[in-house]
Amino acid sequence: MENMEEILSEEGLTEDNLQELKSWLFKENIRLMTATAELDEQREKFEQEKEQFKEEMKNLNKKMSAEQSRIRKDNQLVDERLEIIKDGFQKLDMDRRRLDKEWARLAAEKEFLEERGLYDTYSETSVFFRGVKNPLTLKKRYKDLTKIFHPDNLAGDTEMVQKINREYERLKREYEKCRQA
């Protein structure tokens, strides 16, 4: 205590001033301890939020990686389908060219036969009724063919329907002659 009195006398402080100083230091110490505790709480809270954000980022990265993988697979699938479609169009083009050549060959053959008087007007449509051996199958085949080649259909062809009708009538008459005989 003697040291305290010496310090007080040297500094010019009185006992009241010292009490005030102690009180202020005590309050300041409490305020600092409270501020430190609040800062520690905030630091803990920030650490928890940081961990949550890390976890969320990890989950989002997983989702994004999965989505990128799905998109790559979808792109591969689209590319494969595109290749299939390209191949299909190439095959269709080849088939169309082959069919055009066949039509040209048949037209030339028809012209050749017509010039020599050997062309049968029913030879083209006899293909439609090939294998028909009785009137019932003739009638069924006729109905099926008219459904297919009717002008209102997508694949409709008026000339083809006329040829089918002529051939049907001719074959029908032949069957009727055979039945009467």
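Up top is the structure these notes are about.
Residues numbered from 1 in each chain as written. Predicted model: local features only at pLDDT ≥ 70, side-chain atom pairs only at ≥ 80, totals over all residues. Heavy atoms only, no water.

Student: I would appreciate a short explanation of the packing of helix α3 (residues 135–149) against helix α4 (residues 158–180) in the present structure.
Tutor: Between two packed helices, what matters for the description is the angle formed by their axes and the separation of those axes. Two numbers describe how α3 lies on α4: the axes approach to 10 Å, and their chain directions differ by 175°. Viewed along their axes, α3 and α4 adopt a mutual orientation that is roughly antiparallel. Judged by residue contacts, Pro135, Leu138, Lys139, Tyr142, Leu145, Thr146 and Phe149 of α3 engage Met160, Val161, Ile164, Asn165, Tyr168, Leu171, Lys172 and Tyr175 from α4. Grouping the constituent residues of the contact of α3 with α4 by class yields 11 nonpolar, 2 polar and 2 charged. (Axes fitted to C-alpha atoms, helices over the stretch in contact; angles between N-to-C directions. Helix = DSSP H or I, 4+ residues; strand = E, 2+ residues; numbered from the N terminus. Parallel < 35°, antiparallel > 145°, perpendicular 65-115°, else oblique. Contact = heavy atoms within 4.5 Å. Nonpolar A, V, L, I, M, F, W, Y, C, P; charged D, E, K, R; others polar.)

Student: Help me understand a negative patch on the surface, please; the structure alone is not making it clear to me.
Tutor: A cluster of acidic side chains, namely Glu47, Glu51, Glu55 and Glu56, defines a negative patch on the protein surface. Tracing the backbone through its elements, the reader meets Glu51 in helix α2 (residues 15–116). Assessed through its relative accessible area of 45%, Glu51 is described here as partly exposed. (Patch = residues over 30% accessible without salt bridge, like charges linked within 9 Å, V, L, I, M, F, W, Y side chains within 5 Å. Areas by Shrake-Rupley, 256 points an atom, 1.4 Å probe, with all protein chains shown as cover. Salt bridge = Lys/Arg side-chain N within 4 Å of Asp/Glu carboxyl O. Lys, Arg positive; Asp, Glu negative; His and termini not counted. Charge placed at Lys NZ, Arg CZ, Asp CG, Glu CD. Buried < 20%, exposed > 50% of the residue type's maximum accessible area, 1.4 Å probe, protein only.)

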